[in-house]
Amino acid sequence: MRQIALRALAVATVAGGLVGGSFAPAHAAQPRGLTHVSLVLKWLPQAQFAGYYVALKKGYYAKEGLDLTIQPGGPTIVPEQVVANGGADFGIDWLPSLLAEREHGENLVNIAQIYQTTGMRLISFKSQHITRFADLKGKTVGVWWAGNQYQFLACMNKLGINPDTQMKVIHQGFDMNGFLNHSQDASSAMTYNELGVVLEAGIKMSQLNVLDYNQCGVSMLEDGLYAKASWLTKNPDLAVRFLRASIRGWQDVVKDPTNAGKTVYAADTSGVMNLHHQIYMAQQVAPLIHWGPAIKYGIGYMDPVAFNRTATLSLRYKVITKMPVGAYDQSYWKKAISTLNQ
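Residues numbered from 1 in each chain as written. Predicted model: local features only at pLDDT ≥ 70, side-chain atom pairs only at ≥ 80, totals over all residues. Heavy atoms only, no water.

A. Representation of the overall build of the chain. Along the backbone of the chain there are 16 helices and 10 strands. Expressed as a percentage of its 342 residues, the buried residues of the chain come to 59%. Nonlocal contacts in the chain, meaning residues at least 24 apart in sequence, comprise 82% of its contacts between residues at least 6 apart. When the accessible area of the chain is evaluated, it comes to approximately 13600 Å², of which 52% is carbon and sulfur surface. The distance from the centre of the 30 positive side-chain charges to the centre of the 23 negative ones in the chain is 5 Å. (Helix = DSSP H or I, 4+ residues; strand = E, 2+ residues; numbered from the N terminus. Buried < 20%, exposed > 50% of the residue type's maximum accessible area, 1.4 Å probe, protein only. Contact = heavy atoms within 4.5 Å. Areas by Shrake-Rupley, 256 points an atom, 1.4 Å probe, with all protein chains shown as cover. Lys, Arg positive; Asp, Glu negative; His and termini not counted. Charge placed at Lys NZ, Arg CZ, Asp CG, Glu CD.)

B. Up close: helix α16 (residues 331-338). Buried within α16 we find Tyr332, Trp333 and Ala336. Buried positions in α16, seen along its axis, are confined to an arc of 95 degrees and lie on one side of it. Of the exposed residues in α16, the ones pointing more than 90 degrees away from its buried face are Lys334 and Ser338. Where α16 is buried, its residues contact β4 (108-112), α10 (229-234), α11 (236-255) and α14 (293-297). (Arc of directions from axis to C-beta.)

C. Structural detail: the packing of aromatic side chains. Enumeration over the complete set of coordinates arrives at 12 aromatic pairs. Both rings, one in Tyr115 and one in Trp250, keep their centres 6.5 Å apart while their planes meet at 85 degrees; by these two values the pair is edge-to-face. Here Tyr115, found in the loop between β4 and β5 (120-125), pairs with Trp250, found in helix α11; they are 135 residues apart in sequence, far enough to count as distant. The buried category is assigned to Trp250, whose relative accessible area is 1%. Taken together, the ring pairs connect Tyr52, Tyr115, Tyr192 and Trp250 into an aromatic cluster. (Phe/Tyr/Trp six-rings, centres within 6.5 Å; stacked < 30°, edge-to-face > 60°.)

D. Structural detail: helix α6 (residues 95-103). Counting buried residues in α6 gives eight out of nine residues, a clear majority hidden from the surface. Positive backbone phi, at 100 degrees, marks Gly105, one or two positions downstream of α6.

E. The arrangement of the state of the cysteines in detail. Taken as a whole and assessed by the stated rule, the structure comprises one disulfide. Between the sulfur of Cys155 and that of Cys216 lies a disulfide, 2.2 Å long from S to S. One quick way to see it: the torsion about the S-S bond of Cys155 and Cys216 is about 95 degrees, and its sign makes the bridge right-handed. Here Cys155, found in helix α7 (residues 150-159), pairs with Cys216, found in the loop between β9 (208-212) and β10 (224-228); they are 61 residues apart in sequence, far enough to count as distant. (Disulfide = S-S within 2.5 Å.)

F. Fine view of the side chain of Asn193. Checked against the element boundaries, Asn193 lands in the loop between β8 (186-190) and α9 (194-200). When its relative accessible area of 0% is taken as the criterion, Asn193 is described as buried. A distance of 3.4 Å separates a polar atom in the side chain of Asn193 from a polar atom in the side chain of Glu194. (Polar contact = N/O pair within 3.5 Å; in protein donor to acceptor, adjacent residues only side chain to side chain.)

G. Spotlight on the packing of helix α3 (residues 50-57) against α11. At a minimum axis distance of 7 Å, the contact between α3 and α11 shows a crossing angle of 105 degrees. On the basis of their axis angle, the class for α3 and α11 is roughly perpendicular. Residue-level inspection shows Ala50, Gly51, Tyr52, Val54 and Ala55 of α3 in contact with α11, the latter providing Ala245, Ser246, Gly249, Trp250, Asp252 and Val253. Looking at the contact of α3 with α11 residue by residue, the class counts come to seven nonpolar, three polar and one charged. (Axes fitted to C-alpha atoms, helices over the stretch in contact; angles between N-to-C directions. Parallel < 35°, antiparallel > 145°, perpendicular 65-115°, else oblique. Nonpolar A, V, L, I, M, F, W, Y, C, P; charged D, E, K, R; others polar.)

H. A look at the sheet that holds β4. Spatially, the five strands line up as an open sheet ordered β2-β1-β3-β10-β4, and their pairing is mixed. Each edge of the sheet is formed by a strand with only one pairing partner; in this case those strands are β2 (66-71) and β4. Here the strands of the sheet are splayed against their neighbours by 30 degrees on average, with no regard to which way each runs. (Pairing = 2+ DSSP bridges.)

I. Up close: the packing of α3 against helix α12 (residues 257-267). Running from N to C, α3 and α12 point in directions that differ by 80 degrees, and their axes come no closer than 9 Å. As the angle between them shows, α3 and α12 are arranged roughly perpendicular. Within the contact between the two elements, α3 uses Ala50, Tyr53, Val54 and Lys57 and α12 uses Ala260, Thr263, Val264 and Ala267. Partitioning the contact of α3 with α12 into residue classes produces six nonpolar, one polar and one charged.

J. Layout of the environment of Leu153. For Leu153, the location among the structural elements is in helix α7. In sequence terms Leu153 and Val143 are 10 residues apart; their C-alpha atoms lie 9.7 Å from each other. Beyond its immediate sequence surroundings of up to four residues, Leu153 is in contact with Trp145, Pro163 and Tyr317.

Shape descriptors only; they carry no functional weight alone.
This is the structure in structure tokens:
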């Protein structure tokens, strides 16, 4: 069951469950003189991954001598398995999922932690008077399961609240219907997606209370970049060049999220995407990346404190069975960040 739950983390970013579409592969015929590399997303293409699309459009990868293919993820795709099996050079996923796959024998290594903090929140209507996590007692709470429940459980444990007896926990679907029809007093939402869906349904921020897991001290790391250890040993320069171009793309997202959202929208060939939502998503993703230690050290920095917190919570909730060793290597990132302006 643990294996199934952790592999569902690829699904549980949820962002693609509400907004997405099928993209044409972000790759044409390989230009002469460029080295082909590939990146598999943890979900469908959207502004959650805007930095890579911006870098591709602006030619940052080509300037590094790279011809990048961006491969969509989705509900049936485990990005760690794609990378482990040679289907892509780089992958994106939440850190607990990466740690679990490493325990199952996949020698994958995080080389840059792009998201510095969690985008997961619990939201409620102000009429419910839920202004702090302790106010959830006696309420009906929607929680994403399949690997996304750990921050919620850790917060309740920290506060001494038993979610089995002191509230009614609903296994929330990957939508906001239960929240909008008021069958849930509080519901899970990513800042960059489901919260936007609620606002787009006509609800105003002034009507909502938002609980941030950072305030409970249980934030777990989300979208990070990784590759196979054996591939990195053979291709250290490619890893540095890929990271340098990707970081430049994310820097542009932070500076101009509106244009980043437009860039992702323009790449959609399905006609399903909503431009307003992609812009909103990019605007909300930017502060999750330019946050905390990354403001000082640079985009992609792995904060040891955040890593240890994520690993400890993963161990507590049996995502992994032992504390990881060698799960991340900042050497490629350090070289990339130090040469950004060269």
